[in-house]
Amino acid sequence: MSLPKITTMDIDLPLFAHKAFSQLLWRIDHPEEVYQEILLPTHLIERESTGA
């Protein structure tokens, strides 16, 4: 345990894994396509390290 408690990000790990795998399969089928930036939802968990 750290003091002060560290601020962190909460992510939907199953969603991130699903999107990563989907992108991998898409990239295998479309190796010449331009790269795409995909934004996935996150949630900031503010703790003592930010003065919250």
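Owing to the predicted nature of the structure, the values given are computational and were not obtained by experimental measurement.

Analysis parameters
Residues numbered from 1 in each chain as written. Predicted model: local features only at pLDDT ≥ 70, side-chain atom pairs only at ≥ 80, totals over all residues. Heavy atoms only, no water. Helix = DSSP H or I, 4+ residues; strand = E, 2+ residues; numbered from the N terminus. Rg over C-alpha atoms; globule rule 2.2 N^0.38 Å. Buried < 20%, exposed > 50% of the residue type's maximum accessible area, 1.4 Å probe, protein only. Contact = heavy atoms within 4.5 Å. Areas by Shrake-Rupley, 256 points an atom, 1.4 Å probe, with all protein chains shown as cover. Lys, Arg positive; Asp, Glu negative; His and termini not counted. Charge placed at Lys NZ, Arg CZ, Asp CG, Glu CD. UniProt positions renumbered as here; feature names shortened; annotations may be inferred. Polar contact = N/O pair within 3.5 Å; in protein donor to acceptor, adjacent residues only side chain to side chain. Patch = residues over 30% accessible without salt bridge, like charges linked within 9 Å, V, L, I, M, F, W, Y side chains within 5 Å. Salt bridge = Lys/Arg side-chain N within 4 Å of Asp/Glu carboxyl O. Phe/Tyr/Trp six-rings, centres within 6.5 Å; stacked < 30°, edge-to-face > 60°. Lys NZ or Arg CZ within 6 Å of the ring centre and 35° of its normal.

1. Comments concerning the overall build of the protein
Then, number 1: When its secondary structure is counted, the protein shows one helix and two strands.
Then, number 2: Its C-alpha atoms give the protein a radius of gyration of 17 Å, more than 25% over the compact-globule value 10 Å for 52 residues.
Then, number 3: Each principal axis of the C-alpha atoms in the protein carries an extent, and together these give about 45 × 20 × 15 Å.
Then, number 4: Going through the 52 residues of the protein one by one, you find that 4% of them count as buried.
Then, number 5: Pairs at least 24 apart in sequence give 72% of the contacts found in the protein among residues at least 6 apart.
Then, number 6: Carbon and sulfur atoms form 61% of the exposed surface of the protein, whose accessible area is close to 4700 Å².
Then, number 7: Charged side chains in the protein number 4 positive and 8 negative. The centres of these two groups are separated by 7 Å.

2. Let's talk about the UniProt feature "domain: Transcriptional regulator LacI/GalR-like sensor" (unreviewed entry) in the protein
Then, number 1: Mapped onto the present numbering, the UniProt feature "domain: Transcriptional regulator LacI/GalR-like sensor" (unreviewed entry) falls at residues 2-50.
Then, number 2: Helix makes up 35% of residues 2-50 and strand makes up 16%, while its end C-alpha atoms are separated by 14 Å.

3. Re the environment of Glu37
Then, number 1: Relative to the helices and strands, Glu37 is located in the loop between α1 (13-29) and β2 (42-45).
Then, number 2: For the pair Glu37 and Thr7, spaced 30 residues apart in sequence, the C-alpha to C-alpha distance is 25 Å.

4. Considering the side chain of Thr7
Then, number 1: The topology assignment puts Thr7 in the segment before β1 (8-11).
Then, number 2: A polar side-chain atom of Thr7 sits 3.1 Å from the main-chain amide nitrogen of Arg47.
Then, number 3: Once residues within four sequence positions are removed from consideration, Thr7 is found in contact with Leu44, Ile45, Glu46, Arg47, Ser49 and Thr50.

5. Description of a nonpolar patch on the surface
Then, number 1: Together, Met9, Ile11, Leu13 and Leu44 make up an exposed nonpolar region whose accessible area comes to about 370 Å².
Then, number 2: Note on placement: Leu13 falls in helix α1.

6. Observations regarding the packing of aromatic side chains
Then, number 1: On inspection of all chains with the given rule, the structure shows zero aromatic pairs.
Then, number 2: Note that Arg27 overlies the ring of Tyr35, its terminal NZ or CZ placed 4.1 Å from the centroid.

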